[in-house]
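# Structure at a glance
The chain contents come next:
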Amino acid sequence: MLRFTVRRLLQLVPILLGLSVLLFAWLRALPGGPAQAALGERATPEDIEQYNRLFGLDQPIWIQYLRFLQRAVTLDFGNSTQYGRPVTEVFFERFPGTIELTLAAMVFAIGVGIPLGYVAARRYGSALDSASVVGSLLGVAVPVFFLAYLLRLLFAVELGWLPGSGRQDVRIDATRITNFYVLDGLLTREWDAAWDALLHLVLPALALGTIPLAIIVRITRASVLDVVNEDYVRTANAKGLSAATVRRRHVVRNALLPVSTTIGLQTGLLLSGAVLTETVFAFGGVGLALRDAITYRDFAILQGFILLLAVVYVLVNLLVDISYGVLDPRVRVR
Amino acid sequence: MTALGDVRRRRIDELAARAGQVPEGEGGVSLTRSAVRRLRRDPVAIAGAVIVVVFLLVAALAPLLAPRDPVTQYLLSEIRPGSIPGPREGFPLGVDNLGRDLLSRLVYGSRQSLLIGFVSTVLGVVVGMALGVLAGGLGGWVDTVVMRFVDILLSIPGLLMAITVSVLLGQNQYALMIAIAVVQVPVFARLLRGSMLAQRGSDYALAARALGVRRGRIVFGHVLPNSLSPVIVQATLSLATAIIEAAALSFLGLGDPDISRPEWGAMLASAQDFLSIRPALAIWPAVCIIVVALGFTLLGERLREALDPKFRR
């Protein structure tokens with residue numbers, strides 16, 4: 001298992017190198033190059049020349065790349081033009097918010113999706129089954145940001161049941177330790193702050209969780225349908241095992257294998273791309289920062305965040321592969 | 001062998017491999033013909049096809065169907081902050097915040113939305129297929145190099161990739177199409193390569209080689225045509241995602257700024273500001289996007305089952 005993991009980790013190296021080349025080239029390929037990107041459209045040629053000299057942009061391109069790589073390895077992506085602070089600092093301040101949101105969304109998607117998919121499969125052809133199939137098709141077809149707006153309009157603006165923007169009420173003067181607002185509230189025993197942060201998660205999590213929910217329902221249903229027709233389930237039934245035992249030990253256990261990988265893949269996607277949902281709910285995670293970076297053409301943020309998020313995505317995918325090896329012994333052999 | 005996203009890639013490869021299997025008990029009937037036969041009896045597939053055809057017709061006949069010009073402004077005297085005129089005589093769905101007829105914009109919008117969907121998918125398929133043929137047809141070090149590149153592309157989440165390309169190319173309709181296409185390229189490349197590898201080991205490919213047919217001819221004349229079915233399925237499904245993705249990019253301010261071409265995604269994005277005044281402005285384009293995406297998805301899913309030997313009975 002250890003060798004399997006180490007080999008997988010080593011295989012990441014070329015991927016990450018390739019990624020860094022792509023994003024390095026991306027910033028250089030922008031109209032006007034990095035100097036214009038940093039100084040803005042009204043920079044004079046003298047300004048640009050001075051900037052280029054200052055940051056070594058007059059050096060040969062491969063030296064520039066090596067320097068970029070050297071800094072990237074130490075997580076140094078320069079300063080954000082919007083905030084005037086290091087990109088990495090902004091990232092680590094924002095990322096806990098996105099993690100919180102992703103966890104909340106996945107709890108919703110898994111908590112509803114697996115039972116629903118299971119029941120739909122066991123009552124194959126029933127009204128509930130048809131409804132879950134239609135629902136899971138619709139869930140993927142609805143633009144996320146539209147759904148987010150509808151939820152916000154209904155539950156936050158019209159009914160006023162839940163907060164519809166931000167991560168916490170600004171009037172709450174909460175102590176920050178980890179930047180996970182809910183966790184911070186619990187650690188500092190500021191219960192109302194934790195509760196408020198939790199309420200702020202509900203609507204964004206519902207919006208963000210819809211697509212994973214639709215996919216999890218579909219995969220669970222298909223996978224349970226596959227498994228109940230397997231010979232070993234028939235054998236288990238024929239042996240006279242109780243229905244509950246067959247369900248737990250034979251059906252659910254085997255059916256959840258593909259579901260667990262789906263969950264992993266979706267978690268990776270949500271962590272890296274809650275841009276739309278965070279924008280609608282003004283939820284201060286990495287997604288909102290990315291949207292602002294697009295609006296204000298903050299290329300340092302764009303480059304650094306995209307690279308960091310791609311690394312997160314790749315690492316989550318790696319974890320999925322490894323867990324797949326743990327869950328399904330057949331994979332390890334290859 | 002491979003380094004990351006193994007599960008995701010394995011899934012693509014499985015699809016590819018399955019299409020290469022020879023169906024049992026269906027000797028003499030071509031894969032395509034038996035698929036068409038089954039699709040014609042499948043109500044879900046027909047529903048999907050009807051949706052797609054209806055919207056294609058609307059797009060083609062837009063000038064005849066739209067009651068008004070989609071960019072001319074009407075009823076301007078009645079538009080005030082907090083009030084946008086609703087449906088009335090001559091304006092079946094009302095007008096938008098700038099006084100343009102909503103129904104006409106939806107009708108004309110189908111052109112641009114479907115065009116973005118089709119062009120970006122075709123672009124993604126063509127480039128992806130070129131890479132796939134290169135890798136699957138030549139094998140060896142070409143295969144390794146191409147697939148490593150594809151792996152790198154797969155390691156960037158779709159929306160982030162589209163944003164990156166879009167920021168680089170600027171805001172116009174071609175940039176939008178390319179940004180969406182780039183996300184599709186690695187998927188098609190991998191799918192076609194896997195499918196071709198599965199076909200290369202087949203008896204007919206061996207027979208052709210034994211007869212002394214040149215490699216190029218085997219690849220393009222035998223292996224490629226037989227490897228296409230998973231690509232066709234994926235392309236149908238990609239049309240749905242492409243249209244939704246275009247809406248997402250418009251929402252982020254990375255859409256096509258040309259106001260002479262109404263597009264559902266852009267309409268939906270700009271209607272968000274008036275959601276509490278006139279929700280219909282957002283709901284109609286959203287419904288169009290959802291229905292079209294559903295149409296392509298239904299068709300694609302059923303096509304997959306029809307072409308997949310595993311589902312044959």
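Residues numbered from 1 in each chain as written. Chains lettered and ligands numbered in written order. Predicted model: local features only at pLDDT ≥ 70, side-chain atom pairs only at ≥ 80, totals over all residues.

Stated precisely, the cut-off is as follows: UniProt positions are given in the numbering used here, feature names are shortened, and annotations may be inferred rather than shown by experiment.
Chain B carries the name Peptide/nickel transport system permease protein in an unreviewed UniProt entry, which gives Geodermatophilus pulveris as its organism. In its Sequence similarities (unreviewed entry) section, UniProt records this for chain B: "Belongs to the binding-protein-dependent transport system permease family." Taken from UniProt, the Subcellular location (unreviewed entry) comment for chain B reads in full: "Cell membrane".

Looking at an unreviewed UniProt entry, one finds chain A named Peptide/nickel transport system permease protein and attributed to Geodermatophilus pulveris. Its UniProt record gives chain A a comment under Sequence similarities (unreviewed entry), which states: "Belongs to the binding-protein-dependent transport system permease family." As stated in UniProt under Subcellular location (unreviewed entry), the record for chain A gives "Cell membrane".

### Looking at the UniProt feature "domain: ABC transmembrane type-1" (unreviewed entry) in chain B
Condition: Strands here are runs of E lasting at least two residues and helices are runs of H or I lasting at least four, both read from the DSSP assignment and numbered beginning at the N terminus.
Under the feature "domain: ABC transmembrane type-1" (unreviewed entry), the UniProt entry names residues 110-300 of chain B. Regarding residues 110-300 of chain B, the helix share stands at 82% and the strand share at 0%, and the terminal C-alpha atoms are separated by 20 Å.

### Regarding the interface of chain B and chain A
Our working definition: Note on contacts: each residue gets a C-beta atom placed from the backbone, and two residues are in contact if those atoms are within 7 Å.
Contacts between the two partners involve 37 residues from chain B, matched on the other side by 43 residues from chain A. Listing elements by their share of the side of chain B that touches chain A, those giving two or more residues are α1 (6-19), α6 (140-154), α7 (158-169), α11 (229-251) and α13 (280-307) of chain B. At 7 residues, the largest contribution of residues to the side of chain B that touches chain A is made by α13 of chain B.

### Considering the UniProt feature "transmembrane region" (unreviewed entry) in chain A
Taking the numbering used here, the UniProt-annotated feature "transmembrane region" (unreviewed entry) corresponds to residues 101-121, 133-155, 197-217, 269-290 and 302-327 of chain A. The span residues 197-217 of chain A is 100% helical and 0% strand by assignment, and the distance between its end C-alpha atoms comes to 28 Å.

### Some points on the environment of Phe283 of chain A
Residues and elements named next belong to chain A. Turning to its location among the elements, Phe283 is positioned in the loop between α12 (275-280) and α13 (286-295). Along the sequence, Phe283 and Thr5 sit 278 residues apart, while their C-alpha atoms lie 35 Å from each other. Ignoring sequence-local partners within four residues, the contact set of Phe283 consists of Gly97, Leu101, Gly166, Arg167, Pro204, Glu278 and Leu288.

### What to know about the packing of α6 of chain B against helix α8 (residues 173-200) of chain B
Residues and elements named next belong to chain B. Under the convention used in this document: Fitting a line to C-alpha atoms yields each axis, with helices limited to the stretch in contact; the angle taken between N-to-C directions then spans 0 to 180 degrees. If an angle is under 35 degrees, it is roughly parallel; if it is over 145, roughly antiparallel; if it lies from 65 to 115, roughly perpendicular; otherwise it is oblique. For any helix crossing, the convention is left-handed if the near helix is rotated counterclockwise from the far helix by under a right angle, and right-handed if that rotation is clockwise. Ten residues, namely Ala, Val, Leu, Ile, Met, Phe, Trp, Tyr, Cys and Pro, are considered nonpolar, four, namely Asp, Glu, Lys and Arg, are considered charged, and the remaining ones, Gly among them, are considered polar.
Packing of α6 against α8 leaves a shortest axis separation of 9 Å and a crossing angle of 140 degrees. Classified by the angle between their axes, α6 and α8 sit oblique to one another. As α6 packs across α8, the resulting crossing turns out to be left-handed. Across from Met147, Val150, Leu153 and Leu154 in α6, the residues of α8 making contact are Val185, Pro186, Ala189, Arg190 and Arg193. By residue class, the composition of the contact of α6 with α8 is 7 nonpolar, no polar and 2 charged.

### Here we look at the UniProt feature "transmembrane region" (unreviewed entry) in chain B
All names here are of chain B. The UniProt record annotates "transmembrane region" (unreviewed entry) at residues 44-66, 114-142, 149-168, 174-192 and 282-303. Taken end to end, residues 149-168 has its terminal C-alpha atoms 20 Å apart, with 85% of it in helix and 0% in strand. The distance separating the terminal C-alpha atoms of residues 174-192 is 25 Å; by composition the span is 100% helix and 0% strand.

### Here we look at the environment of Gly185 of chain A
Residues and elements named next belong to chain A. Tracing the sequence through the fold places Gly185 in helix α8 (residues 181-187). Once the C-alpha coordinates of Gly185 and Ala293 are considered, the two residues, 108 residues apart in sequence, prove to be 29 Å apart. Residues in contact with Gly185, not counting those within four places in the same chain, are Ala174, Glu190, Trp191, Ala193, Ala194 and Ala197.

### A look at unusual backbone geometry
Comment: phi is negative for the bulk of residues other than glycine, and the bulk of peptide bonds are trans. Residues and elements named next belong to chain A. We apply this condition: Exposure classes come from backbone-placed C-beta atoms, where a residue is buried if 20 or more other C-beta atoms lie within 10 Å of its own, exposed if 12 or fewer do, and partly exposed in between.
Here the phi dihedral of Leu75 falls at roughly 60 degrees; this positive angle occurs in a residue that is not glycine. Inspection of the secondary structure assignment puts Leu75 in the loop between α4 (61-73) and α5 (87-122). For Leu75, a count of 16 C-beta atoms within 10 Å puts it in the partly exposed group. With a phi close to 70 degrees, Asn179 is a non-glycine residue in the positive phi region. Of note, Asn179 is situated in the loop between α7 (144-158) and α8.

### Some details on helix α1 (residues 2-29) of chain A
Condition: Given a helix with a known number of residues, its expected span is that number minus one, times 1.5 Å.
The end-to-end C-alpha distance of α1 of chain A, which contains 28 residues, comes to 41 Å, matching closely the 40 Å that a straight helix rising 1.5 Å per residue would cover. Regarding α1 of chain A, the residues found buried are Ile15, Leu16, Leu19, Leu23 and Phe24 of chain A. As for α1 of chain A, its buried residues are in contact with α4 and α14 (299-327) of chain A together with α6 of chain B.

### Things to note about the nonpolar core
Note the threshold: Any nonpolar core is a set of buried residues, restricted to Ala, Val, Leu, Ile, Met, Phe, Trp, Tyr and Cys, that join up through C-beta atoms within 7 Å.
By size, the foremost hydrophobic cluster in this structure holds 186 residues, and its most contacted members are Phe305 of chain A together with Ile243 and Ile289 of chain B. For Phe305 of chain A, the residues in contact, after removing those within four places along its chain, are Phe91, Val286, Ala289, Leu290 and Ala293 of chain A.

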